[in-house]
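Chain and residue survey
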Amino acid sequence: MAFKTISEGAVKLNIPIAKRIYDADVFYNPVMVVNRDISVLIAKVFGFGTAVDLLSATGIRALRLKKEANIKEVCANDANPRAAKLIKANAKLNRLKINITNLKANDFFCRTSHGFDYVDIDPFGTPVPFLDLAVVRSVKKGGVIGVTATDTAALCGAAPSACLRKYGAMPLHGNIMHEVGIRILLKKVIEAGAQYDIALTPVFCHSTEHYMRVYLKADRGAGKTNSVLKQVGCYENAGPLWLGRLWDEKLVDAIYKLSANNKTITSGTKKLLHLIKEEAKVDAFGYFDIATMSLKQVPKLADVISNLKAKGFSASRTHFSPTGIRTNAKKIF
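This section reports on the structure supplied with the text. (Residues numbered from 1 in each chain as written. Predicted model: local features only at pLDDT ≥ 70, side-chain atom pairs only at ≥ 80, totals over all residues. Heavy atoms only, no water.)

Topic: the overall build of the protein
Within the protein one finds 12 helices and 14 strands. Relative to the 2.2 N^0.38 estimate, which gives 20 Å for 333 residues, the radius of gyration of the protein is 20 Å and therefore close to what a compact globule would have. If one aligns the C-alpha atoms of the protein with their principal axes, the spans along those axes are about 60 × 40 × 35 Å. For the protein, buried positions account for 53% of its 333 residues. (Helix = DSSP H or I, 4+ residues; strand = E, 2+ residues; numbered from the N terminus. Rg over C-alpha atoms; globule rule 2.2 N^0.38 Å. Buried < 20%, exposed > 50% of the residue type's maximum accessible area, 1.4 Å probe, protein only.)

Quick look at the structure:
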């Protein structure tokens with residue numbers, strides 16, 4: 001297996017050379033840099049002391065969490081022995097000390113005697129098989145779980161039967177399908193905790209490229225869990241799904257400010273955070289997509305948003321669609 005050395009964030013990384021990223025013995029996807037950037041920023045804001053990257057592959061996220069977020073104890077786990085060997089080499093390359101384990105994901109949770117402040121689950125496909133043990137055995141009270149789903153065909157309605165099987169919900173295939181998909185994913189993660197009186201509250205999410213990403217903060221107690229579950233319901237023909245807020249506004253502001261002058265954070269991440277910073281201020285389900293409306297003349301989004309604000313409504317662009325407007329107004333024209 002031949003390698004090349006690249007840089008991401010503040011770390012260097014040896015990755016396998018392959019014609020296609022999916023052909024490599026150990027997987028590294030440069031498209032997911034935004035995903036990793038945001039996890040590092042959230043970890044820095046929370047000041048986590050411990051973290052686990054469950055499906056670590058090259059070890060890039062674990063190493064960035066260690067170096068950029070200065071987390072005291074970071075564990076990088078992967079079932080692939082070649083991945084574990086590469087993580088060890090990459091840790092040595094960066095002169096970083098992390099714990100490296102070579103276990104199947106759920107075996108890792110069963111063999112770990114303590115929890116973590118931050119648990120990251122970033123699989124190829126659905127995260128569903130890992131949720132129960134990740135939540136019950138690993139996320140500490142006050143900790144955060146970060147979950148990626150790349151099975152967007154199921155979550156966005158192209159494969160509704162798969163969504164019903166995996167997530168216990170019916171998706172939408174239309175204008176707001178990505179937001180509905182995120183809300184279905186959130187519902188599924190919340191349910192994993194609710195079975196054991198663990199209240200998981202969404203604090204950040206984004207839909208980027210081919211994947212969806214959510215972060216939830218853990219608390220404990222039947223009463224708190226019930227309060228979270230009251231915000232789960234249906235929307236039109238979709239659901240059940242999360243109906244509450246998608247972002248903690250204070251957290252969004254904090255990570256946006258942290259990213260502003262940070263040279264290790266990519267411009268794509270900064271652009272996304274700038275958009276979400278405004279979107280998080282609008283407490284509304286769904287959005288209006290101008291591109292889908294029958295309009296003789298398509299107005300500028302900035303003008304529509306300005307007019308809505310002048311009428312006393314909250315309004316912003318949405319990261320879910322380049323032609324979408326999130327607002328608490330019942331109509332925009």
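Details of the state of the cysteines
Considering all chains together, one arrives at zero disulfides under this definition. In this structure Cys156 is not part of a disulfide, and its nearest cysteine sulfur, from Cys163, lies 9.0 Å away. No disulfide involves Cys234; its sulfur sits 12 Å from the nearest other cysteine sulfur, which is in Cys163. Given the relative accessible area of 55%, Cys234 is considered exposed. (Disulfide = S-S within 2.5 Å.)

Points about the sheet that holds strand β5 (residues 99-101)
Within the open sheet, the seven strands sit side by side as β5-β4-β3-β6-β7-β9-β8. Their pairing is mixed. Strands with a single pairing partner mark the edges of an open sheet, and in this sheet they are β5 and β8 (198-208). Neighbouring strand axes in the sheet, compared pairwise and without regard to direction, differ in orientation by 15° on average. Both strand β4 (residues 73-77) and β5 contribute to a ladder of three bridges, which runs parallel. Each residue of the ladder has a partner; that of Ala76, found in β5, is Ile100. (Pairing = 2+ DSSP bridges. Axes fitted to C-alpha atoms, helices over the stretch in contact; angles between N-to-C directions.)

With respect to the packing of helix α1 (residues 33-46) against helix α10 (residues 249-260)
Contact pair α1 / α10: the axes reach a minimum separation of 9 Å and the direction vectors enclose 110°. Considering the angle they form, α1 stands roughly perpendicular to α10. Facing Leu41, Ile42, Lys44, Val45 and Phe46 of α1, the residues of α10 in contact are Leu251, Ala254, Ile255, Leu258 and Ser259. Classifying every residue of the contact of α1 with α10 gives eight nonpolar, one polar and one charged. (Parallel < 35°, antiparallel > 145°, perpendicular 65-115°, else oblique. Contact = heavy atoms within 4.5 Å. Nonpolar A, V, L, I, M, F, W, Y, C, P; charged D, E, K, R; others polar.)

A few points about the pairing of strand β9 (residues 211-220)
A large share of β9 lies buried, amounting to seven of its 10 residues. The pairing of strand β7 (residues 139-149) with β9 spans six bridges and is antiparallel. Bridge pairing links Ala149 to Met212 in β9. Summarising the sheet, β8 and β9 pair through 10 bridges and their orientation is antiparallel.

Re unusual backbone geometry
In this model, Gly239 is joined to Pro240 through a cis peptide bond whose omega is 5°. When you line up the elements, Pro240 lands in strand β11 (residues 238-242). With phi around 50°, Glu209 is a residue other than glycine that occupies positive phi space. Its relative accessible area of 66% is what places Glu209 among the exposed residues.

Structural notes on the packing of α1 against helix α11 (residues 267-279)
Interaxial distance between α1 and α11 falls to 9 Å at its minimum, and their mutual angle equals 65°. Our classification of the angle between α1 and α11 gives roughly perpendicular. Read as a crossing pair, α1 and α11 show a hand that is right-handed. Only Gly268, Thr269, Leu272 and Leu273 of α11 make contact with α1, whose side of the interface consists of Val33, Val34, Asp37, Ile38 and Leu41. When the residues that make up the contact of α1 with α11 are grouped by side-chain class, the tally is six nonpolar, two polar and one charged. (Left-handed = near helix turned anticlockwise from the far one by under 90°.)

Quick notes on the packing of aromatic side chains
Scanning the entire structure with this criterion turns up seven aromatic pairs. A centroid spacing of 5.5 Å and a plane angle of 10° characterise the contact between Phe48 and Tyr118, whose relative ring orientation is stacked. Placement of Phe48 in the loop between α1 and β3 (50-53) and of Tyr118 in strand β6 (residues 116-121) is noted, with a sequence separation of 70 residues between them. Each member of the pair, Phe48 together with Tyr118, is buried. Measuring from ring centre to ring centre gives 6.2 Å for Phe204 and Tyr215, while their planes differ by 65°; the resulting arrangement is edge-to-face. Of this pair, Phe204 sits in strand β8 while Tyr215 sits in strand β9, and the two are 11 residues apart along the sequence. (Phe/Tyr/Trp six-rings, centres within 6.5 Å; stacked < 30°, edge-to-face > 60°.)

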